[in-house]
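Structure assessment
Below, each chain spelled out in residue letters.
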Amino acid sequence: MLKQLKRNRVRIALSPGFAATAWIEGAFRPRVVKKQVLDCTLQPDAEDTGPWQGAAALLASIGTELKNTPCDVTVVLSNHFVRYTLVPENKSLSGTEEELAFARYCFGKIHGDRAKAWEVRLTGTASDPARVASAVDSGLLQAIRGCFPAGSKARLVSVQPYLMSAFNLCNEVAGKYATWLLLVEPERACLACFEGGRWAAVRNMKGDYQGPTQWAALLSRERYLAGVAEPRTNVLVHAGPAGRDKSIRVGKWKFRSLPNPTLPGVSPAEDARLAMALCAH
Amino acid sequence: MRRLELDYVASPRRQRWTGIAVLAVGCLASASLVVRDRDLRQQLAALDATQGMLNAERPTKALPKERIDEQMKMVNAVLKQLTLPWAQIIAAVENSATDDVVILQMQPEAQQRLLRLTAEAKNQKAMIEYVARLEQEGALAEVHLIRHEVQSEDPARAIQFSVQAALKEGR
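Residues numbered from 1 in each chain as written. Chains lettered and ligands numbered in written order. Predicted model: local features only at pLDDT ≥ 70, side-chain atom pairs only at ≥ 80, totals over all residues.

All names here are of chain A. Here we have five strands laid out as an open sheet, ordered β3-β2-β1-β4-β8, and mixed in their pairing. Of all strands in the sheet, those bounded by a partner on one side alone are β3 (31-39) and β8 (154-161). Each strand axis lies, on average, 15° off the axis of its neighbour in the sheet, ignoring direction. Sheet topology places strand β4 (residues 71-77) next to β8; seven bridges connect them, and they run parallel. In the strand pairing of β8, Val 76 is matched with Gln 160. (Pairing = 2+ DSSP bridges. Helix = DSSP H or I, 4+ residues; strand = E, 2+ residues; numbered from the N terminus. Axes fitted to C-alpha atoms, helices over the stretch in contact; angles between N-to-C directions.)

Rendered as structure tokens:
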């Protein structure tokens, strides 16, 4: 246990255009002791499979750098690399395998045969009315695992979608405030809606959503698709530089910034690209 | 809302209630152990008290009088042996020593307060002189020559003799 507490943590946000890394030390008073952002050239992604090769190359260089450093590595995957869907309740399923197969079937209905090459994860329990499922390209996951082989002192302990990191942070920080959670990245936005203890919608969209005006337009549209009641207008936003303002109101929508845990060694203004990495825990 | 568990490496975290249940079971087990420990201590104290009462009621088994007398005699013998005036005895024997007499055996009788000496003298004159010298020692009284015998096998015709003397009290 003690040994585990002593191990340093490395959080890596993996995006198509960059890899942001934060080295965290201290079990009881964690602090960021080193920060690094590596950029790469965006590659064309005609089939929307996720342009991950450049990011994987960056991660490989980080893995080499960490090879002799004892640490636990967590990789947060940009929503560019992840697809989400809501899997409806199906009482005829028995066991995890069948549930995952059904989730894979749901992805197949949306994305076609491409979904066969994806690794699927499913959250929640069989009794939930709707469960969030995520899918990631198997090739990307193999590349990530390959960056931290068995002989490396850096141990890969978690590979999690950005939505998972942010939602779990939102659950702790915001309590019952939120109805909507909006995750904004360059050229992408992920919108999750939960009300009454159940998931109502998860959308992951390409596009330019860098300001509150675009967010409001997006929410006005998605609200009808999700069938959410009118009074639910609170939105928690986790974003880079665009989401630093604590509270903004656009029309009926009230946007509040979802803050990361405060860590010594990090400046929210200067280290905006570390936000995705630091929301994981 | 429950946590989202979509990790591709780590297995989903166990539900919090599982940990709470384990903690509760641990607390219950600890509490039951504390209660059990307290009960055992109480039982032990009760047993100790009962045993004390039983011991108090049981009459002490008396030793037979013969055994006590025998033990008393042994104790007295040891005490008398220890209270022999060894220093005076040895001084008296050393003061009486001559070149013509050799002490062969010295045997004190603590019970009777006697000293028996067996010695060998060159001749009769040396023997008598030695007995006379013993008589002059203050620690001894009633010095008697109780046996003497000429060693016929000895070409020098030496005399082996025994002397008995009483040990004076309070010296």
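This paragraph deals with the pairing of strand β4 (residues 159-167) of chain B. Residue and element names in this part refer to chain B. In this structure, strand β2 (residues 114-121) lies alongside β4, joined through eight bridges in antiparallel fashion. Residue pairing for β4: Ala 119 is matched across the bridge by Phe 161. Two elements, strand β3 (residues 140-150) and β4, share eight bridges in a ladder whose sense is antiparallel. Counterpart to His 144 in the pairing with β4 is Gln 164.

On to the packing of helix α2 (residues 53-66) of chain A against helix α4 (residues 138-147) of chain A, then. Residues and elements named next belong to chain A. One can describe the packing of α2 onto α4 by two numbers: an axis separation of 8 Å at closest approach and a directional angle of 15°. As far as their axial angle goes, α4 and α2 are roughly parallel. Regarding α2 and α4, the two cross each other, and that crossing is right-handed. Facing Ala 56, Leu 59, Ala 60 and Gly 63 of α2, the residues of α4 in contact are Leu 140, Ala 143, Ile 144 and Cys 147. (Parallel < 35°, antiparallel > 145°, perpendicular 65-115°, else oblique. Left-handed = near helix turned anticlockwise from the far one by under 90°. Contact = placed C-beta atoms within 7 Å.)

To continue, consider helix α6 (residues 212-226) of chain A. Residues and elements named next belong to chain A. If you check α6, its first and last C-alpha atoms are 20 Å apart, about what 15 residues at 1.5 Å a residue would give, namely 21 Å. Listed as buried for α6 are Trp 215, Leu 218, Leu 219, Arg 223 and Ala 226. Considered in projection along α6, the buried side chains sweep an arc of 135° and stay on one side of the axis. Turned more than 90 degrees from where α6 packs its buried face, Thr 213, Tyr 224 and Leu 225 sit exposed. Looking at the buried positions of α6, the neighbouring elements they touch are β9 (180-185), β10 (188-195), β11 (198-206), β12 (234-238) and β14 (253-257). Within two residues after α6, Gly 227 carries a phi angle of roughly 65°, on the positive side. (Expected span 1.5 Å × (residues − 1). Buried ≥ 20, exposed ≤ 12 C-beta atoms within 10 Å, placed from the backbone. Arc of directions from axis to C-beta.)

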